[in-house]
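Letter by letter, the chains look like this.
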10 protein chains.
Amino acid sequence: MFLTRLVYTSSVTDNFSPNDIENILEIARKNNQANNVTGMLCFNRKFFLQCLEGSRSKVNETYHSILNDNRHQRIIMLDYKEISARNFSEWSMGYMPESSLTSPVNIKFSGTPEFNPYEMSGESAHLMMLALKETIPSI
Amino acid sequence: MFLTRLVYTSSVTDNFSPNDIENILEIARKNNQANNVTGMLCFNRKFFLQCLEGSRSKVNETYHSILNDNRHQRIIMLDYKEISARNFSEWSMGYMPESSLTSPVNIKFSGTPEFNPYEMSGESAHLMMLALKETIPSI
Amino acid sequence: MFLTRLVYTSSVTDNFSPNDIENILEIARKNNQANNVTGMLCFNRKFFLQCLEGSRSKVNETYHSILNDNRHQRIIMLDYKEISARNFSEWSMGYMPESSLTSPVNIKFSGTPEFNPYEMSGESAHLMMLALKETIPSI
Amino acid sequence: MFLTRLVYTSSVTDNFSPNDIENILEIARKNNQANNVTGMLCFNRKFFLQCLEGSRSKVNETYHSILNDNRHQRIIMLDYKEISARNFSEWSMGYMPESSLTSPVNIKFSGTPEFNPYEMSGESAHLMMLALKETIPSI
Amino acid sequence: MFLTRLVYTSSVTDNFSPNDIENILEIARKNNQANNVTGMLCFNRKFFLQCLEGSRSKVNETYHSILNDNRHQRIIMLDYKEISARNFSEWSMGYMPESSLTSPVNIKFSGTPEFNPYEMSGESAHLMMLALKETIPSI
Amino acid sequence: MFLTRLVYTSSVTDNFSPNDIENILEIARKNNQANNVTGMLCFNRKFFLQCLEGSRSKVNETYHSILNDNRHQRIIMLDYKEISARNFSEWSMGYMPESSLTSPVNIKFSGTPEFNPYEMSGESAHLMMLALKETIPSI
Amino acid sequence: MFLTRLVYTSSVTDNFSPNDIENILEIARKNNQANNVTGMLCFNRKFFLQCLEGSRSKVNETYHSILNDNRHQRIIMLDYKEISARNFSEWSMGYMPESSLTSPVNIKFSGTPEFNPYEMSGESAHLMMLALKETIPSI
Amino acid sequence: MFLTRLVYTSSVTDNFSPNDIENILEIARKNNQANNVTGMLCFNRKFFLQCLEGSRSKVNETYHSILNDNRHQRIIMLDYKEISARNFSEWSMGYMPESSLTSPVNIKFSGTPEFNPYEMSGESAHLMMLALKETIPSI
Amino acid sequence: MFLTRLVYTSSVTDNFSPNDIENILEIARKNNQANNVTGMLCFNRKFFLQCLEGSRSKVNETYHSILNDNRHQRIIMLDYKEISARNFSEWSMGYMPESSLTSPVNIKFSGTPEFNPYEMSGESAHLMMLALKETIPSI
Amino acid sequence: MFLTRLVYTSSVTDNFSPNDIENILEIARKNNQANNVTGMLCFNRKFFLQCLEGSRSKVNETYHSILNDNRHQRIIMLDYKEISARNFSEWSMGYMPESSLTSPVNIKFSGTPEFNPYEMSGESAHLMMLALKETIPSI
Ligand SMILES: Cc1cc2nc3c(=O)[nH]c(=O)nc-3n(C[C@H](O)[C@H](O)[C@H](O)COP(=O)(O)O)c2cc1C
Ligand SMILES: Cc1cc2nc3c(=O)[nH]c(=O)nc-3n(C[C@H](O)[C@H](O)[C@H](O)COP(=O)(O)O)c2cc1C
Ligand SMILES: Cc1cc2nc3c(=O)[nH]c(=O)nc-3n(C[C@H](O)[C@H](O)[C@H](O)COP(=O)(O)O)c2cc1C
Ligand SMILES: Cc1cc2nc3c(=O)[nH]c(=O)nc-3n(C[C@H](O)[C@H](O)[C@H](O)COP(=O)(O)O)c2cc1C
Ligand SMILES: Cc1cc2nc3c(=O)[nH]c(=O)nc-3n(C[C@H](O)[C@H](O)[C@H](O)COP(=O)(O)O)c2cc1C
Ligand SMILES: Cc1cc2nc3c(=O)[nH]c(=O)nc-3n(C[C@H](O)[C@H](O)[C@H](O)COP(=O)(O)O)c2cc1C
Ligand SMILES: Cc1cc2nc3c(=O)[nH]c(=O)nc-3n(C[C@H](O)[C@H](O)[C@H](O)COP(=O)(O)O)c2cc1C
Ligand SMILES: Cc1cc2nc3c(=O)[nH]c(=O)nc-3n(C[C@H](O)[C@H](O)[C@H](O)COP(=O)(O)O)c2cc1C
Ligand SMILES: Cc1cc2nc3c(=O)[nH]c(=O)nc-3n(C[C@H](O)[C@H](O)[C@H](O)COP(=O)(O)O)c2cc1C
Ligand SMILES: Cc1cc2nc3c(=O)[nH]c(=O)nc-3n(C[C@H](O)[C@H](O)[C@H](O)COP(=O)(O)O)c2cc1C
């Protein structure tokens with residue numbers, strides 16, 4: 001078994017409605033708990049930035065389900081790596097809502113104060129998720 | 001633009017028929033040339049091992065098409081990385097047929113003389129593709 | 001003399017009965033004290049994860065006795081290394097009972113919240129034993 | 001997008017009048033906020049030392065505007081680098097007035113107690129700006 | 001004196017006419033020889049990629065002249081560094097014409113077989129210029 | 001699957017008779033081929049030094065069978081490691097007979113011109129097996 | 001002058017009587033002070049472990065006197081190195097009596113809870129002396 | 001400009017009289033302030049150990065004046081290096097009188113409890129000056 | 001004894017006449033042979049660049065004589081280091097006359113095709129002397 | 001067993017007569033062969049420089065015999081280290097006579113063209129013995 005971390009970003013589609021986020025987190029936490037996947041999801045109504053940690057097969061499986069979800073599109077992986085220990089093991093899916101994705105955090109790790117992970121390197125994206133974890137309590 | 005490398009493995013499904021490989025290579029080379037994706041495909045009638053190199057967005061797009069292809073399944077990423085230079089830039093999709101995936105090469109980088117990339121670490125898989133490139137002319 | 005560390009995992013057999021653990025620890029501590037072997041044993045009724053530290057010859061001797069013990073099977077080494085100092089020198093055999101092998105610890109270093117060292121790399125297994133030592137008093 | 005840092009130094013011209021600094025900071029902060037550029041400006045009535053952080057294109061654009069400003073001349077870049085995180089993300093343009101550019105700080109990183117960045121290596125200049133940020137509140 | 005290397009890319013404007021390249025190289029070589037600047041210029045009728053090496057002040061001066069040249073625009077620095085030895089010391093301005101900027105070279109270091117340095121990291125751009133120098137005689 | 005290398009040494013017992021070596025190699029090659037284990041065996045009528053490479057589970061299984069073989073005793077592991085590629089992949093079990101274990105080779109990596117791996121560190125033992133492979137054709 | 005550290009171990013002979021230790025320390029401190037040698041002596045009635053620091057010539061001279069002392073034998077050097085700063089500069093000869101050489105310390109750095117430096121690597125021996133210095137006041 | 005550090009040692013001559021030290025410090029501080037040289041001088045009535053930091057040209061100039069001063073002789077450089085930041089920037093010439101050059105400090109970094117920098121490596125000398133700065137207030 | 005390397009540059013004075021170079025080399029070789037100093041001298045009628053290797057004391061002594069020679073001035077050290085082996089051990093003083101200090105060599109390691117070591121970092125100067133040694137036979 | 005290397009230097013005494021060298025080599029080779037010690041001896045009628053390789057105990061034993069030999073004195077260790085492979089395994093005691101210790105070799109690694117190992121660092125001495133081995137056939 002290879003313990004693995006995957007970070008990707010994506011964009012909401014018209015199929016996404018505001019209350020879907022509750023729904024996504026619920027299903028994500030339920031499935032991830034079943035699959036022993038952990039991680040964090042950042043969302044600002046437009047873009048998602050998500051980290052998935054777990055066994056290589058479960059991380060890939062989960063990612064495939066997510067890729068087929070028509071509530072988002074333009075899904076781009078930023079980081080993928082074999083790891084020895086998880087960073088978000090306490091969360092089946094931690095959530096960073098828009099209010100947490102403040103200008104100071106965004107601008108520190110990217111080109112804009114807006115949350116736009118498409119423009120980030122894999123390393124910047126991973127560092128930002130660790131910084132968010134440090135400073136902001138998850139819901 | 002982030003130049004990126006992705007390595008994955010997968011398994012043929014019942015939808016796959018022997019002559020599909022010609023077809024896959026043809027479409028792969030056509031699309032990849034259009035998308036400026038390069039790489040190498042290894043195939044032993046059962047498993048695929050493929051390396052895709054190119055811009056982050058095109059590598060992801062190509063990977064998404066591939067993920068949705070019902071001629072294979074159990075698709076698992078082994079390696080994904082930002083790079084400064086490609087390894088397979090001369091091939092829009094180099095091909096290593098079963099005859100190239102000899103026991104000596106397989107067993108050097110994995111647990112078996114059979115070609116079974118599911119059991120390989122990302123580093124072993126990448127090293128094996130480089131070794132294959134060194135020793136075997138592509139079709 | 002080469003100071004050495006060995007980490008392995010194994011599974012209980014039908015020959016194992018719940019109170020055998022007392023017995024194993026008693027004999028382990030008695031023998032290890034005689035052999036100057038130190039270490040830690042983790043057990044969740046199904047799997048063992050054990051670290052043995054000491055002289056190369058005594059660690060191997062002890063491991064051979066353990067390999068021949070019919071109360072467990074599927075014994076797989078995860079880590080083995082020449083070291084300059086021990087990590088568990090204060091314990092002839094520290095014990096981490098099931099209650100210590102909590103989901104948070106397991107999932108941080110492996111693919112599942114269950115304790116399943118077969119699926120761990122040598123480095124993950126060693127890191128988890130160090131983390132367990134830090135947080136949990138031994139019996 | 002490549003997150004980038006640029007450090008340069010320059011000298012006032014006769015076109016520069018004392019109250020221009022207010023003006024420069026105002027326009028700099030306005031433009032930089034629009035361009036998501038952050039940084040710090042040091043000024044001692046004679047020389048400027050400025051750090052610009054942001055996307056590669058915006059940092060270059062901003063630098064071009066600055067190069068064409070006839071209030072300064074002899075503009076020399078000291079440092080330019082792709083980075084993963086900014087150092088001055090909280091400031092659209094932090095300001096270190098002459099009173100902050102004390103002899104102790106100047107002499108620690110350069111050949112003189114006067115502020116003269118022309119004589120500094122890129123590394124010394126970057127280290128000095130970090131030291132200034134640590135010790136002195138910006139206006 | 002700090003020996004320095006600068007790499008930038010730019011795009012021709014309408015002010016540029018085909019025979020300007022002769023003219024640019026002539027003036028570049030004349031000026032650079034006077035300023036002890038060396039380097040290499042790549043050009044494919046659309047984009048320039050240029051490396052300038054020399055003293056920090058002369059590299060900056062030369063870059064400022066180049067920035068003000070209305071025959072090109074969208075000038076973006078890719079790399080800038082203090083160095084101990086030059087890479088292109090034998091050329092006051094080596095030239096890689098379109099015929100040298102072949103698909104194989106371009107695609108090895110970037111996302112496309114077309115020459116488009118805007119999409120390259122500083123490291124890829126520098127590696128490509130070194131590769132071009134190895135394989136292609138300058139005019 | 002973790003690709004793994006194990007190196008151990010052992011001593012013949014009274015149960016061992018000269019022609020057993022043929023027998024051991026035959027069974028070793030047969031089993032190892034079945035288990036996809038590769039490696040090299042050195043033997044000087046007194047001591048064995050063996051390297052086993054393969055999947056973690058098969059290397060351990062093979063080692064367990066070997067440990068229970070009453071033709072040798074005092075079995076001590078010298079080296080055990082997760083690897084990315086094998087060193088002896090061309091041999092299901094290469095053989096270095098006494099005639100290959102010459103004084104010059106032995107003394108270069110150990111304390112004596114006699115072959116006595118008990119006195120070697122893991123690193124010396126591994127380096128000696130690589131040196132033997134370089135210089136001596138296997139039977 | 002090369003500042004140097006030497007660590008050796010040795011065993012008492014029949015010529016050694018319990019009160020010799022006072023005598024050895026007295027003469028050692030007197031001579032070492034004269035020779036600007038510093039260090040630490042560990043003794044458990046059976047074995048000595050001593051560290052000598054000082055100029056290369058004085059450390060060698062002192063070691064030669066010690067080698068010729070018939071109160072001990074089987075003198076084996078464990079570590080010898082050019083250093084930039086001493087570790088025991090405050091002691092002309094610090095003393096760790098048997099009571100300080102506790103089982104926990106011994107077993108952490110060696111194969112046994114008894115004090116037996118013959119079985120230690122140079123690195124383990126040096127680490128143990130540093131650990132002893134940290135935890136135990138010298139007499 | 002290259003920021004530089006020079007460390008040398010020397011010996012008083014008969015031309016030196018006890019109160020010259022006041023005089024040397026006075027002139028050193030006056031000149032160094034003018035030349036933006038900083039550093040520390042250690043003196044034990046017999047030997048000097050001095051560190052000079054500043055621009056390469058001023059450090060060399062100052063060193064030349066010092067070399068021609070007939071109050072000392074046997075002037076030997078111990079260390080000379082391009083640096084990014086000074087260590088003694090707060091002192092135009094800090095002074096460590098004999099009382100600061102205690103046996104414990106001397107013996108830690110050299111072969112003797114006496115202050116004798118001639119016998120020190122460049123690294124030991126630099127480390128000792130940093131240690132002196134840490135522990136002892138300058139006059 | 002510390003084996004040491006010193007590199008400096010200097011400028012001729014009016015006291016220098018063309019045939020002095022013969023004289024300098026003669027005396028240098030005579031003295032250096034006596035002092036076991038080796039090295040290389042580069043000269044272009046205006047500037048000297050010299051490397052001196054040998055014992056720390058002899059290198060310093062030689063440098064002091066050289067500093068007091070009124071045939072040159074503005075003497076600036078570029079590099080000074082403890083070394084394990086010399087680079088110019090075959091030459092008591094190798095000589096690189098003006099004809100060897102060609103534009104290509106000068107410009108590779110400095111800002112100008114003229115020989116002007118004042119403008120070089122210590123590392124550039126040392127690299128240039130090694131390059132000169134490789135390509136040009138000494139007189 | 002720890003494989004170890006020891007390098008020391010010493011000086012002949014009046015007890016040494018020219019033909020003793022034959023005698024020393026004879027006894028050295030006889031004893032070393034028995035003790036599995038290998039190495040090289042350099043001798044210029046005044047000084048010895050010897051490297052001894054072998055098990056830690058045999059190297060120490062041999063060194064003790066050598067220390068007690070009244071044909072030499074002022075015996076100073078230069079280097080002592082645990083190693084994984086020997087450098088002189090083909091020689092029970094290689095010999096470099098005075099004729100091999102030429103000025104060019106001596107001066108490359110020390111302060112003088114004479115052979116004087118007392119003035120060498122451990123690293124210089126070891127590098128010189130390797131260089132001698134490369135260039136000069138042993139007797
Ligand atoms: C942005 C986003 C993140 C998601 N994260 C997860 C996740 O971490 N785990 C998960 O199982 N499903 C996640 N989903 C939901 C999946 O896309 C999919 O709806 C779900 O796995 C379907 O589960 P089911 O097949 O059990 O109905 C996510 C969806 C979106 C749009
Ligand atoms: C093993 C495998 C490898 C493939 N590799 C590529 C590839 O490198 N590039 C590509 O465009 N399509 C590749 N394909 C084909 C895609 O799955 C898909 O059929 C194709 O991109 C569809 O292209 P279209 O949408 O233009 O019809 C591959 C398919 C398989 C099964
Ligand atoms: C999971 C497990 C861990 C054990 N750990 C040790 C141990 O650390 N040391 C030990 O001597 N025996 C250990 N044993 C017991 C040995 O397998 C064996 O019973 C014991 O060494 C026999 O000792 P004896 O030969 O003195 O009767 C362990 C057994 C099991 C099942
Ligand atoms: C020392 C100095 C620093 C400046 N810094 C900035 C800056 O950080 N951002 C910026 O937009 N303009 C900066 N400026 C002002 C620009 O040179 C220019 O005046 C301004 O960008 C013009 O903006 P406009 O074209 O919107 O009028 C600076 C000018 C000087 C002299
Ligand atoms: C793509 C490009 C590259 C150039 N490279 C150089 C150069 O390396 N050196 C140079 O002096 N001028 C170069 N030039 C020309 C300058 O932009 C400018 O025309 C020239 O320095 C003006 O010189 P002048 O002021 O002496 O007339 C380049 C221009 C272009 C468009
Ligand atoms: C020194 C030595 C090396 C051996 N090496 C191997 C080996 O590499 N692979 C193997 O399967 N058996 C090896 N054997 C034989 C095993 O100990 C055992 O006899 C064999 O695996 C039994 O196989 P079986 O259970 O199929 O009869 C070795 C035995 C000895 C004494
Ligand atoms: C274990 C041991 C450690 C010793 N340590 C030192 C020492 O650190 N310094 C020293 O001068 N003598 C030491 N000695 C004593 C010397 O062996 C020797 O007796 C002493 O140097 C003789 O000094 P003298 O020649 O001045 O009488 C030690 C002796 C023993 C047995
Ligand atoms: C040990 C020692 C240290 C000195 N340190 C300095 C110094 O740091 N700076 C300095 O200018 N002069 C120093 N001097 C004094 C110079 O040798 C010389 O007297 C002085 O620079 C002459 O200055 P003047 O030419 O301005 O009279 C030192 C002298 C000695 C003996
Ligand atoms: C550029 C230059 C380089 C010199 N190099 C050396 C040298 O390497 N060794 C040397 O002894 N003298 C060298 N000299 C000469 C010394 O400056 C001085 O004249 C000489 O050491 C005086 O020797 P004397 O005291 O034996 O007469 C050099 C002089 C100059 C100008
Ligand atoms: C410079 C020198 C080097 C020596 N090298 C060795 C050596 O490598 N091995 C050795 O056994 N004896 C060596 N000897 C000889 C020993 O000092 C001593 O005479 C010898 O070991 C006595 O052996 P024995 O006790 O068997 O008579 C050397 C002697 C000298 C002077």
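Reading the values: rules and limits
- Residues numbered from 1 in each chain as written.
- Chains lettered and ligands numbered in written order.
- Predicted model: local features only at pLDDT ≥ 70, side-chain atom pairs only at ≥ 80, totals over all residues.
- Heavy atoms only, no water.
- Helix = DSSP H or I, 4+ residues; strand = E, 2+ residues; numbered from the N terminus.
- Buried < 20%, exposed > 50% of the residue type's maximum accessible area, 1.4 Å probe, protein only.
- Contact = heavy atoms within 4.5 Å.
- Near = heavy atom within 4 Å.
- Polar contact = N/O pair within 3.5 Å; in protein donor to acceptor, adjacent residues only side chain to side chain.
- Areas by Shrake-Rupley, 256 points an atom, 1.4 Å probe, with all protein chains shown as cover.
- Buried area = accessible area lost by both parts, 1.4 Å probe.
- Nonpolar A, V, L, I, M, F, W, Y, C, P; charged D, E, K, R; others polar.
- Least-squares fit on C-alpha atoms with pLDDT ≥ 70 in both.
- Pairing = 2+ DSSP bridges.
- Axes fitted to C-alpha atoms, helices over the stretch in contact; angles between N-to-C directions.
- Expected span 1.5 Å × (residues − 1).
- Arc of directions from axis to C-beta.
- 1 Å grid on protein atoms, 1.4 Å probe; cavity = no way out; pocket = protein on both sides within 12 Å on 5 of 7 lines; lining within 4 Å.
- Points joined across faces, edges and corners; volume = space filled by probe spheres on them.
- Disulfide = S-S within 2.5 Å.
- Phe/Tyr/Trp six-rings, centres within 6.5 Å; stacked < 30°, edge-to-face > 60°.
- Lys NZ or Arg CZ within 6 Å of the ring centre and 35° of its normal.

K.L.:
Teacher, can you tell me more about the overall build of chain A here?
P.N.:
Helix and strand counts for chain A stand at 4 helices and 5 strands. Counted from the first residue to the last, chain A has its helices and strands arranged as β-α-β-β-α-β-β-α-α. With the C-alpha coordinates aligned to their principal axes, the bounding extent of chain A is approximately 40 × 35 × 25 Å. Classification of the 139 residues of chain A by burial places 63% in the buried group. Long-range pairs, those at least 24 residues apart, make up 79% of the contacts in chain A with a sequence separation of at least 6.

K.L.:
I keep staring at the site of ligand 5 and nothing clicks. Help me out?
P.N.:
All names here are of chain E. Taken together, 16 residues lie around ligand 5, and Ala28, Asn31, Asn32, Gln50 and Asp69 are the ones closest in. Here an oxygen atom of ligand 5 sits 3.0 Å away from a polar atom, N or O, in the side chain of Asn31. Compared with its free state, where it exposes 610 Å², ligand 5 has 78% of that area covered by protein. When contributions to the shell around ligand 5 are tallied by element, the ones reaching two or more residues are helix 1 (20-35), strand 3 (47-55) and helix 2 (56-67). Per-element tally for the shell around ligand 5: the top contributor is helix 1, with 5 residues.

K.L.:
I tried to follow the interface of chain A and chain B on my own but got confused; where do I start?
P.N.:
How big an interface is tends to be expressed through the accessible area that disappears when the partners come together. Contacts between chain A and chain B engage 21 residues on the former and 21 residues on the latter. Of all residues in chain A, Arg56(A), Met77(A) and Tyr80(A) give up the largest surface area on contact with chain B, accounting jointly for 36% of the area buried on that side. Connecting chain A to chain B are 12 residue pairs in polar contact (both at pLDDT 80 or more). Sorting the residues of the side of chain A that touches chain B by element identifies helix 2 (56-67) and strand 4 (72-82) of chain A as the ones contributing at least two each. Top contributing element to the side of chain A that touches chain B by residue count: strand 4 of chain A, with 7 residues. For the side of chain A that touches chain B, the residue count by class is 12 nonpolar, 6 polar and 3 charged.

K.L.:
Got a minute to help me understand the relation of the copies chain A and chain B in this structure?
P.N.:
Both copies of the chain are related by a screw-like operation: a rotation about an axis and a shift along it. For the pair chain A and chain B, the best superposition has an RMSD of 0.0 Å and corresponds to a rotation of 180° with a translation of 0.0 Å parallel to the axis. On the angle and the small slide along the axis, the relation comes out as a two-fold axis. Within chain A, Tyr80(A) has its C-alpha nearest the rotation axis, a separation of 2.8 Å. An overlap of 100% is found between the interface residues of chain A and their copies at the interface of chain B, pointing to a shared contact surface.

K.L.:
Can you help me understand the arrangement of the chains in this one?
P.N.:
Nothing in chain A touches chain G; the tightest C-alpha to C-alpha distance between them is still 26 Å. Between chain A and chain I there is no contact; the minimum C-alpha to C-alpha separation amounts to 33 Å.

K.L.:
What am I meant to see in the pairing of strand 2 (residues 38-43) of chain E here?
P.N.:
Along any regular strand the residues' side chains alternate between the sheet's two faces. All names here are of chain E. Of all 6 residues that make up strand 2, 6 are buried, and the element is covered over most of its length. Direction of pairing for strand 2 relative to strand 3: antiparallel, over a ladder of 6 bridges. From the neighbouring strand, Phe43 faces strand 3, where its bridge partner is Phe48. In this structure, the hairpin formed by strand 2 and strand 3 is closed by a connection of 3 residues, where Arg45 is found at a positive phi of approximately 75°. In terms of strand pairing, strand 2 meets strand 5 (residues 94-96) through 3 bridges, oriented parallel. Bridge pairing in strand 5 links Met40 to Gly94.

K.L.:
Is there a simple way to think about the side chain of Asp79(I) in this case?
P.N.:
Mapped onto the elements of the fold, Asp79(I) is located in strand 4 (residues 72-82). Of note is the side chain of Asp79(I), whose polar atom sits 3.4 Å from the side chain of Arg5(I). For Asp79(I), the contacting residues outside a window of four places in its chain are Tyr80(H), Arg5(I), Leu6(I), Val7(I), Gly122(I) and His126(I).

K.L.:
Please explain the sheet that holds strand 4 (residues 72-82) of chain G as it appears in this structure.
P.N.:
Paired through backbone hydrogen bonds, the strands of a sheet run either parallel or antiparallel to each other. Residues and elements named next belong to chain G. Pairing in this open sheet of 5 strands is mixed, and the strands run 4-1-3-2-5 from one edge to the other. The sheet is open, and its two edges are formed by strand 4 and strand 5 (94-96), each paired on a single side. This sheet shows a mean twist of 15° between the axes of neighbouring strands, independent of strand direction.

K.L.:
Quick question: what am I supposed to make of helix 1 (residues 20-35) of chain H here?
P.N.:
Residues and elements named next belong to chain H. The end-to-end C-alpha separation of helix 1 is 22 Å, in line with the 22 Å expected for 16 residues at 1.5 Å each. Among the residues making up helix 1, those that are buried are Asp20, Ile21, Ile24, Leu25, Ala28, Asn32 and Asn35. One face of helix 1 carries all of its buried residues, which in axial projection span an arc of 130°. In helix 1, those exposed residues whose orientation departs by more than 90 degrees from the buried face are Glu22, Glu26, Lys30, Gln33 and Ala34. Two residues or fewer after helix 1 comes Asn36, characterised by a positive phi angle close to 60°.

K.L.:
What is the right way to look at the layout of surface pockets in this model?
P.N.:
Any empty space left between atoms is shown by rolling a water-sized probe over those atoms. Of the volumes computed, that of the second largest pocket is approximately 710 Å³. What lines the second largest pocket is a set of 33 residues, and nearest its centre among them are Glu119(A), Met1(B), Phe2(B), Met1(D) and Glu119(E). Those elements that place two or more of their residues in the lining of the second largest pocket are strand 4 of chain A, helix 2 (56-67) of chain B, helix 2 (56-67) of chain D together with strand 4 (72-82) of chain E. Per-element tally for the lining of the second largest pocket: the top contributor is helix 2 of chain B, with 6 residues. Of the residues that constitute the lining of the second largest pocket, the class distribution is 10 nonpolar, 14 polar and 9 charged.

K.L.:
Help me out: how do you make sense of the state of the cysteines in this one?
P.N.:
Defined simply, a disulfide is a covalent bond joining two cysteines at their sulfur atoms. All names here are of chain F. Summed over the entire model, instances satisfying the criterion amount to 0 disulfides over all chains. With no disulfide of its own, Cys42 lies closest to Cys51 among cysteine sulfurs, the gap being 9.2 Å. Cys42 gets classed as buried once you look at its relative accessible area, which sits at 0%.

K.L.:
I tried to follow the packing of aromatic side chains on my own but got confused; where do I start?
P.N.:
The description of an aromatic ring pair rests on the distance of the ring centres and on the angle between the ring planes. All told, the structure shown has 65 aromatic pairs over all chains when counted by the stated rule. Taking 5.6 Å as the distance between ring centres and 50° as the angle between the ring planes, the aromatic pair formed by Tyr8(A) and Tyr63(A) counts as tilted. With Tyr8(A) in strand 1 (residues 3-12) and Tyr63(A) in helix 2, this residue pair connects regions lying 55 residues apart in the sequence. In textbook terms, an aromatic cluster arises when at least three aromatic residues are bridged by ring pairs, as seen for Phe16(A), Phe43(A) and Phe48(A). Taking NZ or CZ as reference, Lys133(I) lies 5.7 Å from the ring centre of Phe88(I), over its face.

K.L.:
Can you walk me through helix 2 of chain E in this structure?
P.N.:
Helical geometry note: an α-helix holds 3.6 residues per turn, so side chains three or four residues apart project in the same direction. The end-to-end C-alpha distance of helix 2 of chain E, which contains 12 residues, comes to 16 Å, matching closely the 16 Å that a straight helix rising 1.5 Å per residue would cover. Along helix 2 of chain E, the residues that are buried comprise Arg56(E), Val59(E), Asn60(E), Thr62(E), Tyr63(E), His64(E), Ile66(E) and Leu67(E).

Coordinates in, geometry out; function isn't part of it.
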